[in-house]
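Spelled out, the chains give:
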Amino acid sequence: KRKLMEMKYWTLAICLSINYSLLATNPTAKDSLSKQDTAWDWEFSLGFDFAQLSHVNPLQGAGQNKLSLNSIIGFITSYNRGLLSWETDLVWQFGAQKLGSGTIGSGLNIPIPFQKSIDDLRFNSKLGYGIKEHSKWFYSLNFGMRSIITPSFNGDERLSGNFFKDIFTEGKPPSSKFLSPAIITFSIGSEFKVGHGLGVFYSPMSIKYILVNDDFIASTGVHGNTTNGMPDSLGIYNNYKKFNFQFGSFVRATLQKDILKEKLKYQGSLVLFSNYLKNPQNLDFDMVNSFDWVLIKNFNLSLLINFFYDDDVLVQVSDRNFFGGTNRLGKRISMTQQFLIKYQVKF
């Protein structure tokens, strides 16, 4: 019985080999196998910035140990067939660093932890339908979300920074985590496309929803959710909602451009939002810029520069003269810059 089963497997393998050989030698069949659905375009990118330095019995003033890893993961898909188009992109910037070794201070038996240097998740999906054949105008639906992936815990005067856990094990809750906060937009409008490089989407009827899913994080009121009254001495609101509903006007412009004979490539987007319900004159904006210098095939030297402002969101105000480099919370333009080596492939 065992020999009979083995003969069946060998017979199947031989038949498959013969069939594959016939297809490979048949030009028509070969083309049909290798031909892909050209309506779909896919792009995947993975970037790293890694630094490591070790000292054993260092000279006085020679420095200290260092370990850092910053990364970016990107995935873009687009579908174009007839009057229908669908574009989706997802980008996650993430980084951690550890400076020094040993414990964080005298009398504290706590190892120096890894700090979070960046954690930023962006997702956008746009569905369009052409007004007519070969038209540059599309009826469009746009969905976007921005959040983080890992929890963040604030340090204090003993050690400043953002950490992946409560390093002092004092039961301190996180200051942010996945979906706390999340900025979500849904828009109905029209888009004007100029080739594959430039697109401008406009919606006079857009919903923006700031979600803070965690009760404690929502009670701090720093991420833009609705609060009432005044905070207590610890900055906690007794009356709060876990969301902030907004209705307004939305613009999203995207641009892709090859520069210097395709050696330098630019890709960026700009989002503008005006809330009809509160201070419509104060525009929220989110600008993403990526400059890629081609080193060799599929490998780029990338510079990312992002700008963000939301009239309802409080950020840490940078102050070089203050402990930890930040002083109080306030409304400011937030800027992020990242420099790394990126692997990029299209298929």
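Because the structure is predicted, anything quoted here is derived from the model rather than measured.

Description of the overall build of the protein
And step 1. Looking only at helices and strands, one finds three helices and 20 strands in the protein.
And step 2. Relative to its full complement of 347 residues, the protein shows a buried share of 35%.
And step 3. Carbon and sulfur atoms form 62% of the exposed surface of the protein, whose accessible area is close to 21,600 Å².

Quick notes on the pairing of strand 1 (residues 40-53)
And step 1. Judged from the 14 bridges that link them, strand 1 and strand 2 (residues 66-81) form a sheet pairing that is antiparallel. Each residue of the ladder has a partner; that of Phe 48, found in strand 2, is Ser 71.

A short note on the confidence of the model for the protein
And step 1. Summarising the model, the protein shows a mean pLDDT of 88, and 89% of its residues fall at 70 or more.
And step 2. In this model, residues 1-14 is a region of pLDDT below 50 whose contacts with residues beyond four sequence positions or in other chains number zero contacts.
And step 3. In this model, residues 16-25 is a region of pLDDT below 50 whose contacts with residues beyond four sequence positions or in other chains number four contacts.

Some words on the pattern of salt bridges
In a structure, side chains of opposite charge can pair up when their charged atoms sit close to one another.
And step 1. Taken as a whole, this structure holds 19 salt bridges when the rule is applied.
And step 2. Close ionic contact of Asp 120 with Arg 122 constitutes a salt bridge, the shortest N to O distance being 3.4 Å. By the burial criterion, Asp 120 is buried, and Arg 122 matches it.
And step 3. In the salt-bridge network here, residues are joined through shared partners; they are Glu 87, Lys 126, Glu 191 and Lys 193.

A short note on the packing of aromatic side chains
And step 1. Scanning the model with the defined rule gives 14 aromatic pairs in all.
And step 2. For the pair Phe 247 and Tyr 276, a centre-to-centre distance of 5.7 Å together with 70° between the ring planes defines the contact as edge-to-face. Of this pair, Phe 247 sits in strand 14 (residues 243-259) while Tyr 276 sits in the loop between strand 15 (264-275) and strand 16 (284-296); the two residues are 29 residues apart in sequence, bridging distant segments of the chain.
And step 3. Residue class for Phe 247 comes out partly exposed when judged on its relative accessible area of 29%.
And step 4. Residue class for Tyr 276 comes out partly exposed when judged on its relative accessible area of 39%.
And step 5. Each member of the aromatic cluster is reached from another via a ring pair, and the members are Trp 40, Trp 42, Phe 75, Tyr 79 and Trp 86.

Reading the values: rules and limits
- Residues numbered from 1 in each chain as written.
- Predicted model: local features only at pLDDT ≥ 70, side-chain atom pairs only at ≥ 80, totals over all residues.
- Heavy atoms only, no water.
- Helix = DSSP H or I, 4+ residues; strand = E, 2+ residues; numbered from the N terminus.
- Buried < 20%, exposed > 50% of the residue type's maximum accessible area, 1.4 Å probe, protein only.
- Areas by Shrake-Rupley, 256 points an atom, 1.4 Å probe, with all protein chains shown as cover.
- Pairing = 2+ DSSP bridges.
- pLDDT = per-residue confidence, 0-100.
- Contact = heavy atoms within 4.5 Å.
- Salt bridge = Lys/Arg side-chain N within 4 Å of Asp/Glu carboxyl O.
- Phe/Tyr/Trp six-rings, centres within 6.5 Å; stacked < 30°, edge-to-face > 60°.

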